[in-house]
Amino acid sequence: MPSVHPQLLVRVGHVLKLAGFLVVDQADDATPGLRVSEVPAGVLVSWTASHGFTALAADQRGASSDGMRVAVQAAVGLLVQRGHSVAEASDGNGIVVLPEDQ
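Participant: Please explain the overall build of the protein chain as it appears in this structure.
Facilitator: Secondary structure summary: the protein chain contains three helices and four strands in total. In the protein chain, the order of α-helices and β-strands from amino to carboxyl end is α-β-β-α-α-β-β. Within the span of the protein chain, comprising 102 residues, buried residues form 33% of the whole. Here the contacts in the protein chain between residues at least 6 apart in sequence split such that 49% fall between residues at least 24 apart. Surface summary for the protein chain: the accessible area is close to 6300 Å², and the carbon and sulfur share equals 56%.

In structure tokens, the structure reads:
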């Protein structure tokens, strides 16, 4: 599949790296970190927590991945300030950054 949003893909990855996130290879779904990948609507930002973190969060009363979602939304908010729209992925497993022309 040809790249539809290559500049947006690079820009989103760059902003997340500047915000201090580890952006990992989108094909590696085992390594903890953020994945930035193209989808028909724009660029999907999704994340995978480490097994250790997942186990620790499961043991903590009231703990969830909501904190990670908030942190990612804050980083993606920089793109929103530059005119992009952001939507939750339809499956709830990430955030889609839409191209400026949408």
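From this point, the narrative continues.
Participant: I would appreciate a short explanation of the nonpolar core in the present structure.
Facilitator: For soluble globular proteins, nonpolar side chains are generally found buried alongside one another. Among the nonpolar cores identified, the biggest contains 16 residues, and V12, L16, V45, V72, V76 and V97 are the most heavily contacted of them. When sequence neighbours within four positions are dropped, the list of residues in contact with L16 reads F21, V23, L34, V36, V45, A75 and V76.

Participant: How should I be thinking about the pairing of strand 2 (residues 42–48) in this particular structure?
Facilitator: Each regular strand displays side chains that alternate between the two surfaces of the sheet. Of all seven residues making up strand 2, six are buried, and the element is well covered by its neighbours. Where strand 1 (residues 33–39) lies against strand 2, seven bridges are found, and the strand directions are antiparallel. Along strand 2, the bridge assignment pairs V36 with V45. In textbook terms, the turn of a hairpin is the stretch between consecutive antiparallel strands, and for strand 1 and strand 2 this stretch comprises two residues. Of the pairings in the sheet, the one linking strand 2 to strand 4 (residues 95–97) comprises three bridges and is antiparallel in character. Paired with V43 across the two strands is V97, which belongs to strand 4.

Participant: Is there a simple way to think about the environment of S85 in this case?
Facilitator: The residue S85 is located in the loop between helix 3 (66–81) and strand 3 (86–88) in this model. Looking at S85, the relative accessible area reads 32%, which means it is partly exposed. With 12 residues separating them in the primary sequence, S85 and V97 have C-alpha atoms 6.1 Å apart.

Rules of the game
Residues numbered from 1 in each chain as written. Predicted model: local features only at pLDDT ≥ 70, side-chain atom pairs only at ≥ 80, totals over all residues. Heavy atoms only, no water. Helix = DSSP H or I, 4+ residues; strand = E, 2+ residues; numbered from the N terminus. Buried < 20%, exposed > 50% of the residue type's maximum accessible area, 1.4 Å probe, protein only. Contact = heavy atoms within 4.5 Å. Areas by Shrake-Rupley, 256 points an atom, 1.4 Å probe, with all protein chains shown as cover. Core = buried A, V, L, I, M, F, W, Y, C linked by side-chain atoms within 4.5 Å. Pairing = 2+ DSSP bridges.

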